[in-house]
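Structural description and commentary
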Amino acid sequence: MKPVLWKGVALSTAGVLITTIAVGFFINWIAGFPLMESLLIGAIISSTDAAAVFSIFRSKKGGMKHNLEALLELESGSNDPMAYFLTVTLIFMILNPETSIQGMIISLIQSIGLGVILGVLFGKGMVELINRIKLHLEGLYPVLTIALALLTFSLTNYMGGNDYLSVYIAALILGNSEFVHKTEQIQFHDGLALLMQIIMFLALGLLVFPSQMVPVMGVGILISLFLMLVARPLAVFICLSPFKVGFKDQIFISWVGIKGAVPIILATYPIVAGINGGDMIFNIVFFITLTSALIQGSTINTAAKYLGLSEEPE
């Protein structure tokens, strides 16, 4: 990830913000929703889904040219904290209209800054602790790493940092370090991650009523098309303009903006917060996620071949 680090950071921070603003103003114009609620929908659907991107690329027989696979995996894995922060901040601003933009910016800097610092400290500390501690059962090491992940998340949240970002950075440091029983732990956590995805989608399925999605299909299709064809490409081209990235590469990156479970989960936040129209926001986001997964997810390999960016396996 080192060669594409700053590109990924630009996409996962400024890219999410640009997407949020563009989609928010479009919804406000096309559907007539209040601006803050429109921006909230934009924030919820602004991040790409790591699980979808990872699974699609890892199911490919060949790789991608110009390190695009690493860039897209880095972006999809690290843009959720920004989307999460924008979502909870906009919900807070809707419920507390007196909140200032200046205060929000300061809060953003504090949240991301603390998340990065604590993520690095906890990541380094995890490696030292796992290598030094002597557990009498090998099966307890995965339990230890889960406990350390929960500790990282909780303490970062308690101190006012971005807990998702902190855990992600700590995991990157741990995954790129040598520690005891690493192979067995990776296999365990891969299985656990798949189990969590299954449970998450089963739980989300209980919240969805297809009959409630029919009234929002028209607006949902318009927002989906704008997101795929305008907002996402706009964010990509602006964020990658300082870097030497080919035109075809930027087109492909623009198309790999798959939405997944994270936007659906974030769409439950307005309902829990008691915001007017929370149910409608959830149904719109769910419909957008479905169309993104079906249209973009099923055409990524075709797009890569058409743009000449696929590498055939040796």
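A brief structural summary. Just so it is clear, the model here is predicted, and its values are computed rather than measured.

With that settled, the discussion passes to the pattern of salt bridges. Within this structure, the stated rule accounts for 2 salt bridges. We note a salt bridge from R232 to E75, for which the minimum N-O separation is 2.6 Å. One end of the pair, R232, is in helix α11 (residues 217-239); the other, E75, is in helix α4 (residues 68-78), and 157 residues separate them in sequence. Across the pair, E75 and R232 agree in class, each one buried. In this structure, the salt-bridge partner of R132 is E128, at a minimum N-O distance of 3.2 Å. Highlighted residues: R132 and E128, both in helix α6 (residues 101-132), separated by 4 residues, approximately one helical turn.

On to a nonpolar patch on the surface. Where nonpolar side chains cluster on the molecular surface, the patch consists of V214, M217, I221, L225, L229 and V230 and spans about 510 Å² of accessible area. Relative accessible area serves as the criterion here: at 35%, M217 is assigned to the partly exposed category.

Turning our eyes to something else, we now look at the nonpolar core. Formed by 38 residues in total, the largest nonpolar core has its most connected members in V23, L40, I44, I45, I223 and V285. Those elements that place two or more of their residues in this core are α1 (5-30), α2 (35-44), α5 (80-95), α11, α13 (261-266) and α15 (278-295).

Phi angles above zero are rare outside glycine, and H66 is one such case at about 60°. Relative to the helices and strands, H66 resides in the loop between β1 (63-64) and α4. For N67, which is not glycine, the phi dihedral falls at a positive 60°. You can see N67 is positioned in the loop between β1 and α4. A relative accessible area of 34% means that N67 is categorised as partly exposed.

Attention shifts here to the side chain of E75. For E75, a relative accessible area of 2% corresponds to the buried category. Setting aside its immediate chain neighbours within four residues, E75 contacts G8, L11, S12, T48 and R232.

So, about the packing of α4 against helix α12 (residues 247-255). Interaxial distance between α4 and α12 falls to 11 Å at its minimum, and their mutual angle equals 35°. When the axes of α4 and α12 are compared, the crossing they make is right-handed. Along the contact surface, α4 presents L68, L71 and L72, while α12 presents D249, F252 and I253. Classifying every residue of the contact of α4 with α12 gives 5 nonpolar, no polar and 1 charged.

With 26 residues, α1 ought to run about 38 Å at 1.5 Å a step, and its terminal C-alpha atoms sit 36 Å apart, in line with that. Along its length, α1 shows its largest kink, about 35°, at G15. Once α1 finishes, G32 follows within two positions and takes phi at roughly 75°, a positive value.

About the criteria used
Residues numbered from 1 in each chain as written. Predicted model: local features only at pLDDT ≥ 70, side-chain atom pairs only at ≥ 80, totals over all residues. Heavy atoms only, no water. Salt bridge = Lys/Arg side-chain N within 4 Å of Asp/Glu carboxyl O. Helix = DSSP H or I, 4+ residues; strand = E, 2+ residues; numbered from the N terminus. Buried < 20%, exposed > 50% of the residue type's maximum accessible area, 1.4 Å probe, protein only. Patch = residues over 30% accessible without salt bridge, like charges linked within 9 Å, V, L, I, M, F, W, Y side chains within 5 Å. Areas by Shrake-Rupley, 256 points an atom, 1.4 Å probe, with all protein chains shown as cover. Core = buried A, V, L, I, M, F, W, Y, C linked by side-chain atoms within 4.5 Å. Contact = heavy atoms within 4.5 Å. Axes fitted to C-alpha atoms, helices over the stretch in contact; angles between N-to-C directions. Left-handed = near helix turned anticlockwise from the far one by under 90°. Nonpolar A, V, L, I, M, F, W, Y, C, P; charged D, E, K, R; others polar. Expected span 1.5 Å × (residues − 1). Bend = angle between axes of the 7 residues up to and from the residue.

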